[in-house]
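# Coordinate analysis (summary)
The residues making up each chain are set out below.
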Amino acid sequence: MVPIMNNAVRVHPVSTAWDTVREAIDAEDACAVAALVTRFDDAERREVARELPGYLPVARRLGEERESAREEARERRRQERLAEHRREAARRGWSEEEMWDRWHSHNHDHTPWDERLGERWIEPMRVAGAGTISGASAVVSWLNRREFRRWWEPRGGDDVPLILQAVAARPAPWQGDLAVRLALRLRGLRPTVDRSVRLTLELLRRTGAEPPAHDPLTVAWIAAVPSARSLGGDPLFEAMLPRLFEAEGVGRALRDERDWPLALVSLAGKGRIDRQVLLDGCLSRFLRGGSAPDMRFFVRLHEALAPAAEEVDARRPDYLRLLPAAPANVADLALKQLRRLDPVEAEEAGEAVEGLLFRAESRLVRAGLAWLDRLVRDHRGDLDDYAPALAVALAAESTEARERAVRLVVKHAGRFTPSGAEAIRDVVALLPAEAGARLAAVFGGEAAVAEPAPRPEPFTPPPLPPAPRPNPLRPRVLTPTGLLALRPRTYDWLGAEHWLDGFVRLAAQDRAALTAALAPTAALFKDKRYRSAQWRELGDWTAAMARELAEPGVESRAAMPEQYGPPRLPLERVPEPGRCTHGRLLPLRRFAEVYQALVEDRLPPYLLATPTHDNGLLEAERLVERLEGYERAGVEALPVDLEQALLRLPRTVPDEVAGRIARLTGEAGRAAARWTAARPDPRITLRWEKDDQDTRVVPDAAGGPTGLRVLDDVLTIPRRDETCDGLLAVLPAHREVVAAHAVQTLLSYRHYSKPSLADLDALATAEGPGGEGMALLLAHCLYEGPGDEVVPPFLRLAASGGFPGEEVGRQLVTLLRHSGDSPTQALAALRVAARQGAHREVWQVMAGLLPAYLPGSGERATTLHTRLVEFAADVAEWAQARGELPEIARLAARQRTSELVRQARRLHDQLTGQRDDHGPESSQPPNHSPESSQPPEPAPHGDEADLP
């Protein structure tokens, strides 16, 4: 970080303390301000503090003027470099295109960060207030004023060292109070480190003040620790350690951290911290509750501590309390620790196992049954204390768990007293007929009568709703006065199209009336605007057009002076690709092109690219009519306008219209014929990049140039802040390109603008096949929900064609692995969509999801896997899907029967056609016969921490 300072400024002695500080503020010299306020006495501080609030608007205005002057100086230097580049191009004989290619390749902005920083008045004002305002609370309010906020953390404007210098002369208790108040002002639980965090932590370290018990402070401290190895050297470590187990947000901040557990255990081994504090902290965090992903760090820490049996035994009640309701990964940990101990008292053990058997995770239920089996075998005496737990197991929803419990109860039937047997007998009537009969034969009671299961009526999915169609646009017949009232805005692409189209038509039909109507706009456009580096707003271009109408030739007279080279062309005022989103850049280029044609007196009578539909599409027949009119009148098409027109053409052009295009003889007509005959379709792949705990999705385009500069710029220079609505107006027939650029910020903490459900609707009315970009956007909406809102755009996308179903499933798995969450919400939305007509598309999603999400070799299956396969089997039947999935075939071939295997067999039969041959009840594994004597397959194993 480089503190803002101006070495050339000398602060001369003047009459008052405020005058000296004001001079340093006006010089934007925060270092001088810090040096001054540290030498002031109380009276001088009060004087400065009294004047500061009223000087805020003045400091801002002067700062803006200085920034404008710096921008003009930077532009002059740029123009000097450009002039020299032009002279070199002339000497070397470069073409205009080659000259600009070399300019863009070798003339990046090399301005140092401390010179690029705008609003440099902020830091001197912050330092002045911190060093002179009397109350600590007032200093906190001053430092957090809205006027001092930037939308980014400046790399060249770190004023934290200067604020620390400015407050160093204050009494130690005052500094400690300031540190605590700054800490309590921190907001949010995201792991970010800005200058407020750094100032707060450094003041706490220097003053030794007790950090307040404030959750955002704990999360901020975690994010600010450079590495786990530096924990022991942090003066705040002892105070913050207990907060790790108390503050909300810690589990999320450390969810993927693997070095911290090892570092904490190492410090405990060296005697720096008490090992028992860590162990008790983990247990207290477990007992407080939370989601499974947020428990991962504490589970890893507990595993790294590897508690001895006596340590676990001393905390036995706490571990037992975790079994019934803790997240699956925590309950699994507790169960492992308890099974290491000697058998507990029968009543206590029975209650613990009973709680475990009530859980929804079949793996934990199986583990509970195995533990119960061991406890029963090791117990001496009757089993009445275990009867309630066994009754719960007998009533379990899982067929496998129920059958195992029946075998266990029948095996030890002689060890129950009449009282214990009564508890078992009460469950007999609740069991399925076969299991109930087995128990009734031993314990008595009346088993349920076996009845044939009713065959459910087959579900007939309704047809998919019709595909959405864009609305046609009525031509805007603008008068000159109406054009003046229509003010094009940067983010209103349709309004900009109407204005540009109206201007060109009116300029050809009645230029005098148009000139008179736009005269008020022309009068507002001053000569100095012609020397501005860039015109980033459409208003600049409309005003320049109005003035050029009023004063023909004013552009060439008022442009840059000759000593800086030839006058700048209007197109050179448009931001370079990469400096502006493409959705904003193309309208700017089109306005600049029309303006340059006006200056050179070669405006066409109308434009080619004005859309005919509200999604940006242009009917092919309308474009042919416009091109034919150009050829009859001998008009040359504007290049950018022609490219935009081609990019707005629908994917399908009627044969009769294609024939008319092929008969065109002009250069623009031949370009249209080439485009309609062989439209290039770039393939976009997504690449994930992670840095500083942030994630960016980067689109990469495969293939060579498309022949249209507009499209090539989008493909080769992606912008992170691209939005769907702006870019779709440019590329309404290439919706995958648009979606792939829009999802770049989908997972980023740093960007507020993210694609939404409304963008899915916009993509549904656009054209072009979908790919990874559309799939990721749809998968994210399915995953984030709410499910009832994502279904309608899902149906519209499904009806629009080009639906990337399998890719949606794969991208959904990628998101789930990134977040560690469950697909429960996505599954609910897919179920609704399938029942509303999108069953074929939902099956495609499941066909992409299952191979990537099902447990692999050595991993445990969960109830969620069973639900996914069951739903996939239903949807496959509705869609009459065919085509074997290897992962499902392997599951179906298992000899061990479980609900997951049964559902996999049902799905496999449907996909391979065996369900039609054997009927809906077919559930035998492939190549399996009832007489097979192979041993049962062992239960799969793995982590079940992410179960809902």
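Residues numbered from 1 in each chain as written. Predicted model: local features only at pLDDT ≥ 70, side-chain atom pairs only at ≥ 80, totals over all residues. Heavy atoms only, no water.

### Observations regarding the overall build of the protein chain
To be explicit about the condition: The numbering of helices and of strands both runs from the N terminus, where a helix is a DSSP run of H or I of at least 4 residues and a strand a run of E of at least 2. Burial status follows relative accessibility: with a 1.4 Å probe on protein chains alone, a residue under 20% of its type maximum counts as buried, one over 50% as exposed, and anything between as partly exposed. Here a residue-residue contact requires only that any non-hydrogen atoms of the pair lie within 4.5 Å. For the accessible areas, the method is Shrake-Rupley and the probe is 1.4 Å, while residue cover comes only from the protein chains on display.
Looking only at helices and strands, the protein chain has 48 helices and 2 strands in total. Across the 948 residues in the protein chain, those meeting the buried criterion constitute 53%. Restricting the contact set of the protein chain to residue pairs at least 6 apart, pairs at least 24 apart contribute 73%. By element, 50% of the accessible surface of the protein chain is carried by carbon and sulfur atoms, the whole surface being about 43400 Å².

### Concerning empty space enclosed by the protein
Spelled out, the test is: Both cavities and pockets are sets of points on a 1 Å grid over the protein atoms alone; in a cavity a 1.4 Å probe fits but cannot get out, in a pocket the set is open with protein on both sides within 12 Å along at least five of seven lines, and lining residues sit with an atom within 4 Å of a point. Grid points are joined across faces, edges and corners, and a volume is the space filled by probe spheres set on the points. Amino acid classes used here: Ala, Val, Leu, Ile, Met, Phe, Trp, Tyr, Cys and Pro are nonpolar; Asp, Glu, Lys and Arg are charged; the rest, including Gly, are polar.
Under the counting rule described, the total for this entry stands at 3 cavities of 30 Å³ or more. In this model, the largest cavity occupies a volume close to 100 Å³. If you trace the largest cavity, you find 14 residues lining it, with Trp493, Glu497, Pro587, Arg590 and Arg648 closest to the centre. No other element matches helix α32 (residues 582-599), which puts 5 residues into the lining of the largest cavity. Here the lining of the largest cavity is built from residues that sort into 8 nonpolar, 3 polar and 3 charged.

### Some details on the environment of histidine 865
Assignment of secondary structure puts histidine 865 in helix α45 (residues 863-879). Taking relative accessible area as the criterion, histidine 865 reaches 8% and is therefore assigned buried. Sequence separation between histidine 865 and leucine 850 is 15 residues, and the spatial gap between their C-alpha atoms is 8.8 Å. Here histidine 865 is in contact with Tyr853, Leu854, Pro855, Arg860 and Leu900, once residues within four sequence places are set aside.

### Let's talk about the packing of aromatic side chains
Going by this rule: Between rings of Phe, Tyr and Trp, where Trp is taken as its six-membered ring, a pair exists when centres lie within 6.5 Å; planes separated by under 30 degrees are stacked, by over 60 edge-to-face, and by other angles tilted. Here, a charge over a ring is recorded when the distance from Lys NZ or Arg CZ to the ring centre is within 6 Å and its angle to the ring normal is within 35 degrees.
One pass over the full model with this rule turns up 17 aromatic pairs. Judged by centre distance (5.1 Å) and plane angle (70 degrees), the ring pair of phenylalanine 297 and phenylalanine 298 falls under edge-to-face. The class for phenylalanine 298 is buried, based on a relative accessible area of 1%. On the basis of an interplanar angle of 65 degrees and a centroid distance of 4.7 Å, the ring pair of tryptophan 535 and tryptophan 541 is categorised as edge-to-face. Given a relative accessible area of 0%, tryptophan 541 falls into the buried group. A connected cluster of aromatic rings, assembled from ring pairs, spans Phe525, Tyr530, Trp535, Trp541 and Tyr595. A cation over an aromatic ring shows up here: arginine 170 above the ring of tryptophan 174, its NZ or CZ 4.2 Å from the ring centre. Looking at arginine 573, its charged tip hangs above the ring of tryptophan 535, at a distance of 4.2 Å from the centre.

### Notes on unusual backbone geometry
A positive phi angle is found at alanine 306, which is not glycine, with a value near 45 degrees. Although it is not a glycine, aspartate 601 sits at a positive phi angle of roughly 55 degrees. Mapped onto the elements of the fold, aspartate 601 is located in the loop between α32 and α33 (620-633). By relative accessible area, aspartate 601 is classed as exposed at 60%.

### Concerning the packing of helix α39 (residues 735-742) against helix α41 (residues 772-784)
Heads up, the rule is: Axis angles are defined between N-to-C directions and span 0 to 180 degrees, where every axis is a line fitted to C-alpha atoms and, for a helix, only to the segment in contact. Roughly parallel covers angles under 35 degrees, roughly antiparallel covers those over 145, roughly perpendicular covers 65 to 115, and oblique covers all other angles. Two helices cross in a left-handed way if the nearer one is turned anticlockwise from the farther one by less than a right angle. They cross in a right-handed way if the turn is clockwise.
Interaxial distance between α39 and α41 falls to 7 Å at its minimum, and their mutual angle equals 55 degrees. If you check the angle between α39 and α41, you find them oblique. In this structure, α39 crosses over α41, and the sense of that crossing is left-handed. Contacts between α39 and α41 pair Arg735, Glu736, Ala739 and Ala740 from the former with Glu772, Gly773 and Met774 from the latter. Among the residues making up the contact of α39 with α41, the classes are represented as 3 nonpolar, 1 polar and 3 charged.

### Some points on a positive patch on the surface
Where we set the bar: Patch members must show over 30% relative accessible area and no salt bridge, and they are joined within 9 Å when carrying like charges or within 5 Å when they are nonpolar side chains of Val, Leu, Ile, Met, Phe, Trp or Tyr. By definition here, a salt bridge exists when the distance from a side-chain nitrogen of Lys or Arg to a carboxyl oxygen of Asp or Glu is within 4 Å. Positive: Lys, Arg. Negative: Asp, Glu. His and the chain ends are not part of the count. Just so you know, the charge point we use is NZ for Lys, CZ for Arg, CG for Asp and CD for Glu.
Together, Arg146, Arg149, Arg185 and Arg187 make up a positively charged patch on the protein surface. Note that arginine 146 resides in the loop between α7 (136-143) and α8 (160-167).

### Focus: the side chain of arginine 735
Considering the arrangement of structural elements, one finds arginine 735 in helix α39. Here arginine 735 is buried and forms no salt bridge, its nearest opposite-charge partner glutamate 736 lying at an N-O distance of 7.3 Å. Those residues in contact with arginine 735, other than ones at most four positions away along the chain, are Leu728, Leu763, Ala764, Ala766, Glu767, Gly768, Met774, Leu797, Ser800, Gly801 and Gly802.

### Details of the environment of proline 418
Mapped onto the secondary structure, proline 418 falls in helix α24 (residues 418-425). Here proline 418 falls in the exposed class, since its relative accessible area comes to 68%. Between the C-alpha atom of proline 418 and that of phenylalanine 443, which follows or precedes it by 25 residues, the distance is 9.5 Å.

### Section: the packing of α32 against helix α37 (residues 709-716)
Following both chains from N to C, one finds α32 and α37 inclined at 155 degrees, their axes separated by 11 Å at the closest point. Judged on the interaxial angle alone, α37 and α32 are roughly antiparallel. Between α32 and α37 the crossing geometry is right-handed. Of the residues in α37, those touching α32 at His582, Leu586 and Arg589 are Arg709, Val710, Asp713 and Val714.

Without other data, these values stay purely geometric and don't point to any function.
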